Amino acid sequence: MLDLRNVSENLPDVKATLKRRGFADAELLDRLSSLAEERRSVITEVESLRQERNEASQAMAKVADKKSDDFQARREQLRSLGDQIKGSESRQGRVEAELESILLNLPNLPHPSTPAGLSEAENVEIRVWGDKPIFDFDVVDHVEVGSRLDILDFERAAKISGSRFVVLKGLGARLNRALMQFMLDVHSSEHGYEEVWPPVLVKDSAMLGTGQLPKFKKEAFRMAKDEQWEAEAQAQGHDWYLVPTAEVPLTNLHADEIIAGADLPIAYAGYTACFRSEAGSYGKDTRGMIRVHQFDKVELVRFCRPEEGEAQLELLTQHAESILQKLGLHHRVVQLCAGDMGFAAQKSYDLEVWLPAQNAYREISSCSWFGDFQARRMQARFRPGEKAKPSFVHTLNGSGLAIGRTLVAILEQNQEADGSVLIPEVLRPYMAGLERISAAAAATR
């Protein structure tokens with residue numbers, strides 16, 4: 001969430017900055033500025049009325065004759081002041097509720113180093129790692145590779161759950177699990193992340209804290225409720241959602257907390273299944289595992305001081321990229337332009353892995369620095385020194401990596417002419433030493 005004072009006091013600059021990312025609702029921002037001024041006015045009004053009431057109460061207490069006209073008049077004055085205060089407080093509440101609603105729907109301001117542009121075509125390639133694999137046979141996509149090896153089953157998944165689901169079988173399931181364990185091992189042992197296994201069912205406040213609500217409500221899976229569930233939800237005052245990413249529970253670990261400055265930076269790595277409705281993506285990537293409703297991901301989350309944010313983004317991106325490098329998968333790193341960034345991000349890099357069957361790079365990780373945007377929503381702060389005033393912490397996250405898309409890249413980049421798939425060397429210890437997935441090997445597992 002943006003800082004109300006910064007927005008209202010620097011409205012022309014905020015408008016220009018938001019326009020860089022394609023947000024041009026000037027009327028909404030003008031309304032916000034007007035409401036901010038009204039809020040300041042009504043707060044002053046309430047404070048003045050309270051002071052007047054205090055003075056009137058003290059004056060009434062000095063009246064000796066409690067039955068006198070003077071005492072009755074002062075009592076009536078207090079009653080009138082109380083009614084005025086209630087009216088002004090009610091007005092203040094309405095103004096602040098509308099202000100919050102506007103602020104919750106405003107995207108983050110792009111960092112000055114974020115390139116201009118409104119679409120992915122204007123993203124900037126930073127570096128390319130490895131060479132594109134060369135094949136002396138006609139490559140096929142991961143759907144055909146996995147189906148021939150009988151390790152991916154889309155038909156039975158559709159029977160069970162509908163479209164955009166997949167069943168991983170045998171060595172496909174084993175490879176998926178190997179990737180999860182490998183990623184967590186690297187990030188915890190080599191990169192210093194604390195491993196966390198979080199819930200995948202979270203409160204709406206957690207979704208709000210990281211920016212999924214209210215902006216992406218249609219993308220989320222909200223839990224349907226029977227009478228007993230509804231009663232519990234009403235009693236506790238919240239809804240539950242399936243996580244769209246482990247970013248939500250991991251980042252909210254420090255919601256409503258003040259972190260000791262000496263403890264920063266903090267780094268967490270966690271695996272979750274992830275759930276997305278893919279609203280608005282009708283007709284996109286309907287084949288295979290690129291865009292499904294349920295997928296697995298290892299997420300990296302970091303908390304740091306504001307002055308460390310940019311360096312922490314570079315570090316986090318390197319950590320995510322190291323997984324692709326260890327797997328030997330050709331990929332590139334691009335910096336996202338202002339208009340292609342996520343709602344809450346101020347600076348982002350995407351890791352894009354090469355998919356030969358598509359003859360294209362596809363995003364496999366997005367690494368972002370959010371500034372204090374999420375921290376304001378969550379009230380996550382840190383104390384720079386023992387007696388210093390708390391400040392908002394800066395948050396970062398990135399996929400380290402999306403497991404399903406990593407599996408897709410292995411099947412496509414490592415496919416062989418005989419239909420088998422070479423297993424990356426670093427994964428073989430997790431696959432009982434197996435060097436390749438072949439039809440014969442798959443049939444025995």
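Relevant structure appears above.
Summary of the structure given here. (Residues numbered from 1 in each chain as written. Predicted model: local features only at pLDDT ≥ 70, side-chain atom pairs only at ≥ 80, totals over all residues. Heavy atoms only, no water.)

**Let's talk about the overall build of the protein chain**
Filter applied, for reference: Runs of H or I in DSSP of at least four residues are treated as helices and runs of E of at least two as strands, each being numbered from the N terminus. Each residue is placed in one exposure class: buried if its accessible area under a 1.4 Å probe, protein chains only, is under 20% of its type's maximum, exposed if it is over 50%, and partly exposed if it falls in between. Here a residue-residue contact requires only that any non-hydrogen atoms of the pair lie within 4.5 Å. Areas reported here follow the Shrake-Rupley algorithm with a probe of radius 1.4 Å; residue values treat only the protein chains shown as occluding.
Along its length, the protein chain carries 14 helices and 18 strands. For the protein chain, the spread of C-alpha atoms along the principal axes amounts to about 105 × 50 × 45 Å. Within the protein chain, the proportion of its 445 residues that are buried is 49%. Within the protein chain, residue pairs in contact and separated by at least 24 positions form 73% of the contacts whose partners lie at least 6 positions apart. For the protein chain, the accessible area works out to roughly 21,300 Å², and carbon and sulfur atoms hold 47% of it.

**What about the sheet that holds strand E1 (residues 124-129)?**
Here is the rule we go by: Here a strand pair is declared whenever DSSP counts at least two bridges between the two strands. Working convention: axes come from line fits to C-alpha atoms, limited for helices to the stretch in contact. Angles between N-to-C directions cover 0 to 180 degrees.
Read across the open sheet, the eight strands follow the order E1-E11-E12-E13-E16-E10-E9-E4; overall the sheet is mixed. Each edge of the open sheet is held by one strand with a lone partner, namely E1 and strand E4 (194-196). On average, each strand axis in the sheet is inclined to that of its neighbour by 25°, with strand direction left out of account. The sheet contact formed by E4 and strand E9 (residues 266-275) spans three bridges and is parallel. By the bridge assignment, Glu 194 is partnered in E9 with Tyr 268. Contacting E4, E9, strand E10 (294-304) and strand E16 (394-402), helix H7 (residues 170-190) runs over the sheet at an angle of about 5° to E10. Along the sheet, helix H11 (residues 309-327) contacts E1, E10, strand E11 (331-335), strand E12 (347-355), strand E13 (360-369) and E16; its crossing angle with E16, the most-contacted strand, is approximately 10°.

**Looking at the side chain of Gln 335**
Here is the rule: Polar contacts here mean pairs of N or O atoms no more than 3.5 Å apart (in protein, one a potential hydrogen donor and the other a potential acceptor; neighbouring residues in sequence count only if both atoms are side-chain atoms).
Considering the arrangement of structural elements, one finds Gln 335 in strand E11. The class of Gln 335 is buried, set by a relative accessible area of 8%. One polar contact links the side chain of Gln 335 to the main-chain carbonyl oxygen of Ser 113, over a distance of 3.1 Å.

**Overview of helix H4 (residues 69-104)**
Here is the rule we go by: A helix is expected to span 1.5 Å multiplied by its residue count minus one.
Here H4 spans 52 Å end to end across 36 residues, near enough to the 52 Å set by a 1.5 Å rise per residue. Those residues of H4 lying buried are Phe 71, Leu 78, Leu 81, Gly 82, Ile 85, Ser 88, Gln 92, Val 95, Leu 99, Ile 102, Leu 103 and Leu 104.

**So, the sheet that holds strand E14 (residues 381-383)**
In space, the three strands of this open sheet follow the order E8-E14-E15, with mixed pairing throughout. The two strands at the open ends of the sheet, each matched to only one other strand, are strand E8 (258-260) and strand E15 (391-392). When E14 meets E15, the two strands line up antiparallel, connected through two bridges. Bridging from a neighbouring strand, Arg 381 pairs with Phe 392 of E15.

**Points about the pairing of E10**
In regular strands, side chains alternate between the two faces of the sheet. Extensive coverage of E10 is indicated by the burial of 10 of its 11 residues. With 10 bridges joining them, E9 and E10 adopt antiparallel strand pairing. Counterpart to Phe 275 in the pairing with E10 is Gln 294.

**As for the state of the cysteines**
Here is the rule: Cysteine sulfur atoms that come within 2.5 Å of each other are treated as a disulfide pair.
As enumerated under the stated definition, the model contains zero disulfides in all. The closest cysteine sulfur to the non-disulfide-bonded Cys 367 is located on Cys 304, 14 Å from its own sulfur.

**Structural notes on the packing of aromatic side chains**
Using the following cut-off: Two rings from Phe, Tyr or Trp (for Trp, the six-membered ring) form a pair when their centres are within 6.5 Å of each other. A pair whose planes differ by under 30 degrees is stacked, one over 60 is edge-to-face, and the rest are tilted.
The full count for this structure, using the stated rule, is seven aromatic pairs. A ring pair is formed by Trp 197 and Tyr 271, whose centres lie 5.4 Å apart and whose planes are at 55°; its orientation type is tilted. Of the two residues, Trp 197 is situated in the loop between E4 and strand E5 (201-203) and Tyr 271 in strand E9; the sequence distance between them amounts to 74 residues. Judged by relative accessible area, Tyr 271 falls into the buried class, the value being 14%.

**Notes on the environment of Asp 136**
As for its placement among the helices and strands, Asp 136 is situated in the loop between E1 and helix H5 (142-148). Look at Asp 136 and you get exposed, because its relative accessible area is 74%. Taking C-alpha positions, Asp 136 is 7.9 Å from Ala 417, a pair spaced 281 residues apart along the chain.

**A word on the nonpolar core**
We count it as follows: Nonpolar core, defined: a set of buried Ala, Val, Leu, Ile, Met, Phe, Trp, Tyr and Cys residues in which side-chain atoms within 4.5 Å join the residues together.
Within the largest apolar cluster, 56 residues are counted, with the highest numbers of intra-cluster contacts made by Ile 151, Leu 171, Leu 179, Met 183, Leu 401 and Leu 427. Residue contributions to this core peak at nine residues, all from H7. Discounting chain neighbours no more than four positions away, the residues touching Leu 427 are Leu 175, Ala 178, Leu 179, Phe 182, Leu 327 and Ile 410. Counting 27 residues, the second-largest nonpolar core is a separate cluster that includes Leu 2, Leu 4, Leu 35 and Ala 36.

**Let's talk about the pattern of salt bridges**
Quick reminder of the rule: Within this document, salt bridges are pairs made up of a side-chain nitrogen of Lys or Arg and a carboxyl oxygen of Asp or Glu, the two lying within 4 Å of each other.
One pass over the full model with this rule turns up 24 salt bridges. Between Asp 239 and Arg 222 there is a salt bridge, and its shortest N-O distance comes to 3.3 Å. Of this pair, Asp 239 sits in the loop between helix H9 (227-236) and strand E7 (240-242) while Arg 222 is found in strand E6 (residues 221-222), placing the two residues 17 residues apart along the sequence. The residue Arg 376 makes a salt bridge to Asp 372 at a minimum N-O spacing of 3.4 Å. Accessibility expressed as a relative area gives 17% for Arg 376, which makes it buried. Each of Asp 3, Asp 372 and Arg 376 takes part in salt bridges that share partners, so that together they form one network.

Worth remembering: the numbers are spatial, not functional.
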